Amino acid sequence: MIPRYSRPEMVAIWDPATKFRIWYEIEAHACDAMAALGVIPKENAEAVWKAKDVEFDVARIDEIEAVTKHDVIAFLTHLAEHVGSDEARFVHQGMTSSDVLDTCLNVQLVRAADILLDGVDKVLAALKKRAFEHKDTVRVGRSHGIHAEPTTMGLTFARFYAEMDRNKNRLEKAKWEIATGAISGAVGTFANIDPAVEEHVCEKLGLRPEPISTQVIPRDRHAMFFATLGVIASSIENIAIEIRHMQRTEVLEGAEFFSMGQKGSSAMPHKKNPVLTENLTGLARLVRMTVIPAMENVALWHERDISHSSVERGIGPDATITLDFALNRLAGVVDKMIIYPQNMLDNMNKFPGLVMSQRVLLALTQAGVSREDAYSMVQRNALKVWEERLDFRELLLGDDAVVTALGVDGINEKFDMGYHTKHVDTIFRRVFGEG
């Protein structure tokens, strides 16, 4: 990913130096396990650890690879330059390149998942804070973009919290699923290496042994991992879209924080644009772009081909770096977001009382009016509110049929805003465990 949308901690996971360090640890731990089994001399295994403080020369490895056309062989050649050719002759004994590549990739994805989980926690904390802050801030709910019935801003934040909490659970499961390693040899049969070596390496790297590999770790694991990242990205966009709508001039129920010195437009000095949430929508598309290739990587020929390799070299860094940046940006947007409670009430009252239409409809049916007649009675008054901006309650009080069915007090009682917010505490307890 380009630096503009990158954070150093996540970028470091995908740095070539980090990759070669993990490769080294895989090889060194494998040598220890083979020495313990008596497969290689103990002194050779110990010699490999002479490189434990070495900063592997990425340029030198690239130089060797330019000749060998094989990245793992290039690394092993460079390792031998540090350890000594004779001492390193048992390195990679009975192993295949994918044992190193796949185990390393999964270590990187597990580390990336930890950073992403931290980002999700930041978003959850911001959403929870704003939810309780605006638990009782009334705003109009919309369906199809049209005024529906009253809700609260707190419930809006709460539903986003619940969605992101589900994503945290999904990511924890995806991290667990991807946390396997394979040191099983050419086609996964352990013909040339003992399964105990795999167990030892995985234990040292915080992984579980892959129950059955071929020459690769099964790619359905990776497909699920990247699919989970795609779902999280979609949830980020879901929140971003709501904020972008709220910031529209004719709505202005909420807005991104606009800092001192910030400029909204190169042409129009009055502009305050929702640039951060628009950016989040774009970043979500980039993350989702990696999902289909990850799915297509599941179907490899026989025990292995490398059609997946070039894909993962791109989508591994791109998806995790982009999502990490997006999560941290979203947390900041939510935390600093400006809310306009009065504008919410003003918007709801643009069509006075109209949001109470369903309650009046239900009351009429309970008063003995057929649903068809009740709907007609309510709608004929509601349409006048739409067309003439009249007051819905006053229209109902002037409709003899409605007054006959409900009475004046019955009509007035249907315009109590508390009717729509009476279960907010119940919903909050369901979401947060507290009201």
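Residues numbered from 1 in each chain as written. Predicted model: local features only at pLDDT ≥ 70, side-chain atom pairs only at ≥ 80, totals over all residues. Heavy atoms only, no water.

**As for the side chain of Thr151**
Then step 1. Position of Thr151 relative to the elements: it lies in strand β2 (residues 146-152).
Then step 2. Taking the relative accessible area as the measure of exposure, Thr151 reaches 18% and is therefore buried.
Then step 3. Setting aside residues up to four positions removed in sequence, Thr151 forms contacts with Thr137, Val138, Arg139, Val140 and Gly141. (Helix = DSSP H or I, 4+ residues; strand = E, 2+ residues; numbered from the N terminus. Buried < 20%, exposed > 50% of the residue type's maximum accessible area, 1.4 Å probe, protein only. Contact = heavy atoms within 4.5 Å.)

**Some remarks on the packing of aromatic side chains**
Then step 1. All told, the structure shown has 14 aromatic pairs when counted by the stated rule.
Then step 2. Between the aromatic rings of Tyr24 and Trp49, the centroid separation amounts to 5.8 Å while the plane-to-plane angle is 80 degrees, which identifies the pairing as edge-to-face. Highlighted residues: Tyr24 in helix α2 (residues 16-36) and Trp49 in the loop between α3 (42-48) and α4 (58-68), separated in sequence by 25 residues.
Then step 3. For Tyr24, a relative accessible area of 0% gives the class buried.
Then step 4. Here the aromatic rings of Tyr24 and Phe56 are separated by 5.5 Å at their centres, their planes lie at 50 degrees, and the arrangement is tilted. Of this pair, Tyr24 sits in helix α2 while Phe56 is found in the loop between α3 and α4, placing the two residues 32 residues apart along the sequence. Comparing Tyr24 with Phe56 shows no difference in burial state: the two are buried.
Then step 5. Pairwise contacts between aromatic rings join Phe20, Trp23, Tyr24, Trp49, Phe56 and Phe75 into one cluster. (Phe/Tyr/Trp six-rings, centres within 6.5 Å; stacked < 30°, edge-to-face > 60°.)

**Considering the pairing of β2**
Then step 1. The sheet contact formed by strand β1 (residues 138-143) and β2 spans five bridges and is antiparallel. Bridging from a neighbouring strand, Arg139 pairs with Thr151 of β2.
Then step 2. Here β1 hands over to β2 after two residues, with His144 in that stretch at a positive phi of 60 degrees. (Pairing = 2+ DSSP bridges.)

**A word on helix α19 (residues 424-432)**
Then step 1. Inspection of α19 places Val424, Phe428 and Phe432 among the buried residues, and these make up the whole buried set. Take α19 and look down its axis: the buried residues cluster within an arc of 40 degrees, on one side only.
Then step 2. Residues of α19 that are buried sit in contact with α6 (97-133), β2, α7 (153-178) and α18 (418-421).
Then step 3. Gly433 sits one or two residues past α19 and shows a positive phi near 80 degrees. (Arc of directions from axis to C-beta.)

**So, the packing of α2 against α6**
Then step 1. It is at 9 Å that the axes of α2 and α6 come closest, and there the two elements cross at 120 degrees. By the angle class used here, α2 and α6 are oblique. Here α2 runs over α6; the crossing is right-handed. In this structure, α2 contributes Thr18, Lys19, Ile22, Trp23, Ile26 and Glu27 to the contact, and α6 contributes Val100, Leu101, Thr103, Cys104, Val107, Gln108 and Arg111. (Axes fitted to C-alpha atoms, helices over the stretch in contact; angles between N-to-C directions. Parallel < 35°, antiparallel > 145°, perpendicular 65-115°, else oblique. Left-handed = near helix turned anticlockwise from the far one by under 90°.)

**Regarding α4**
Then step 1. In this structure Asp57 caps α4, since a side-chain oxygen of it lies 3.1 Å from the backbone nitrogen of Ala59.
Then step 2. Positive phi appears at Lys69, one or two residues downstream of α4, with a value of about 60 degrees. (Polar contact = N/O pair within 3.5 Å; in protein donor to acceptor, adjacent residues only side chain to side chain.)

**Examining the environment of Phe132**
Then step 1. For Phe132, the position within the fold is in helix α6.
Then step 2. Expressed as a C-alpha distance, the spacing of Phe132 and Ile232, which sit 100 residues apart in the sequence, is 23 Å.
Then step 3. The residues contacting Phe132, other than those within four sequence positions of it, are Phe428, Phe432, Glu434 and Gly435.

**Re the side chain of Gln215**
Then step 1. Counting through the fold element by element, Gln215 comes out in the loop between β4 (208-209) and α9 (220-247).
Then step 2. Aside from chain neighbours lying at most four places away, what touches Gln215 is Thr96, Ser98, Gly185, Ala186, Val187, Gly188, Glu303 and Arg304.

**What about the packing of helix α14 (residues 357-366) against helix α15 (residues 371-388)?**
Then step 1. The geometry of α14 relative to α15 is characterised by a closest axis approach of 9 Å and an angle of 145 degrees between their N-to-C directions. Relative to α15, the crossing made by α14 is right-handed. Across the interface between the two elements, Ser357, Val360, Leu361, Leu364 and Thr365 from α14 touch Arg371, Ala374, Tyr375, Met377 and Val378 from α15.
Then step 2. Taken together, the residues of the contact of α14 with α15 break down into seven nonpolar, two polar and one charged. (Nonpolar A, V, L, I, M, F, W, Y, C, P; charged D, E, K, R; others polar.)

**Some thoughts on a nonpolar patch on the surface**
Then step 1. Judged by side-chain polarity, Ile146, Leu383 and Trp386 come together as a nonpolar surface patch covering roughly 270 Å² of accessible area.
Then step 2. On the basis of relative accessible area, Ile146 is assigned to the partly exposed category, the value being 41%. (Patch = residues over 30% accessible without salt bridge, like charges linked within 9 Å, V, L, I, M, F, W, Y side chains within 5 Å. Areas by Shrake-Rupley, 256 points an atom, 1.4 Å probe, with all protein chains shown as cover. Salt bridge = Lys/Arg side-chain N within 4 Å of Asp/Glu carboxyl O.)

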